[in-house]
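The chain contents come next:
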Amino acid sequence: MFVHETSNNRGKRFIALLVMIALIASGSIIAAVSYWGAQGKASSESFFSRYTPDIVHNITPLKQFVVSILSGMIIFPIPNEVPFYVGLRQGNPPVLSVLATVAGFVLGNIITYFMGLKLSKQVVYLLSTKKIYELRRKVNKYGVYAVIVINLLPVPSDILTFGLGTIRYNFKRLFLFLTLANLVKFGIFAYLISLIP
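Residues numbered from 1 in each chain as written. Predicted model: local features only at pLDDT ≥ 70, side-chain atom pairs only at ≥ 80, totals over all residues. Heavy atoms only, no water.

## Quick notes on the environment of Asn109
Selection rule: Numbering of helices and strands runs from the N terminus, with a helix taken as a DSSP run of H or I at least four residues long and a strand as a DSSP run of E at least two residues long. Any two residues having at least one pair of non-hydrogen atoms within 4.5 Å are treated as being in contact.
Relative to the helices and strands, Asn109 resides in helix H5 (residues 94-118). Along the backbone, Asn109 and Asp158 are 49 residues apart, and their C-alpha atoms lie at a distance of 6.1 Å. Beyond its immediate chain neighbours, meaning those up to four positions away, Asn109 contacts Gly72, Ser157, Asp158, Thr161, Phe175 and Leu178.

Shown next, in the form of structure tokens:
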């Protein structure tokens, strides 16, 4: 049985793609104009510090938890490894730091998963139904390995979580392996940091 695409879906995909390109282009132009306008008034450090959270000073386990929530959400590209490292170097308890970081990261990824779930109908407009079904078959076969590998590495895994949400990947399986992989990653990271004099 073949899945046929209608020209109506192709038109919607084209319009959605144009809107995304327009949003990215306008955001880039606004950021560039704001940055150049701030050059004469303030230093670039003060310009950027207004829009980015401080993740390298006075890191507590609570701050690690909050930054990890933001790091797990696809809309905030914040690395949670940096505050984790800084917090441990400032004397935070390793076990509490690991638990706070992983709990926050999992919570942020849950939000990202549900964002993907809610936007799944819109994503179908960008991809054909046939491609969605092909992608689901591959994810069901290799998804667990991808979740483990991506979450063991210091790369933004929230993009994968968002994608798995759009194709309605098994919630319990995803977050079981996501949590275990992050516990292992930050546990090893904490051990290696403890070896640094």
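## Quick notes on the nonpolar core
Cut-off, in case you're wondering: In this description, a nonpolar core means a group of buried Ala, Val, Leu, Ile, Met, Phe, Trp, Tyr and Cys residues linked to one another through side-chain atoms lying within 4.5 Å. Type-normalised accessible area, obtained with a 1.4 Å probe on protein chains alone, sets the label of each residue: buried when under 20%, exposed when over 50%, and partly exposed for intermediate values.
Phe84, Val98, Leu164, Leu174, Phe175 and Leu178 are the most contacted members of the largest nonpolar core, which totals 18 residues. Breaking this core down by element, the ones donating at least two residues are helix H4 (81-89), H5, helix H7 (129-152) and helix H9 (171-195). When residues in this core are grouped by element, the largest group, six residues, is from H9.

## Remarks on the side chain of Thr166
The line we're drawing: Under the rule applied, a polar contact is a pair of N or O atoms within 3.5 Å (in protein, one hydrogen donor and one hydrogen acceptor; residues adjacent in sequence only if both atoms are side-chain atoms).
Its location among the elements puts Thr166 in helix H8 (residues 158-166). Given a relative accessible area of 12%, Thr166 falls into the buried group. Of the polar contacts made by the side chain of Thr166, one reaches the backbone oxygen of Gly163; its length is 2.5 Å.

## Quick notes on H4
Taken together, the buried positions of H4 are Glu81, Pro83, Phe84, Val86, Gly87 and Leu88. Elements that come into contact with the buried residues of H4 comprise helix H3 (61-72), H5 and H9. Positive phi shows up at Gly91, right after H4, with a value of about 105 degrees.

## Describing the confidence of the model for the protein
Counted only if it meets this: Confidence of the predictor in every single residue is expressed as pLDDT, which spans 0 to 100.
Looking at the protein, pLDDT values average 79 and 77% of them are 70 or higher. Scored below 50 in pLDDT, residues 1-7 shows five contacts in the model against residues more than four places distant or in partner chains.

## Regarding a nonpolar patch on the surface
Filter applied, for reference: Only residues whose relative accessible area exceeds 30% and that form no salt bridge are eligible for patches; like-charged ones are grouped when within 9 Å, while nonpolar side chains (Val, Leu, Ile, Met, Phe, Trp, Tyr) are grouped when within 5 Å. The Shrake-Rupley method, run with a 1.4 Å probe, gives the accessible areas here. Residue values count only the displayed protein chains as cover. Note on definitions: salt bridges are taken to be side-chain nitrogens of Lys or Arg within 4 Å of carboxyl oxygens of Asp or Glu.
Taken together, the side chains of Val149, Leu152, Leu153, Val155, Val184, Ile188, Tyr191, Leu192 and Leu195 present a nonpolar region at the surface, about 800 Å² in accessible area. Put simply, the parts of the chain that give the nonpolar patch at least two residues each are H7 and H9. Examining the composition of the nonpolar patch, we find that five residues originate from one element, H9, more than from any other. With respect to the helices and strands, Leu192 occurs in helix H9. The class for Leu192 is partly exposed, based on a relative accessible area of 45%.

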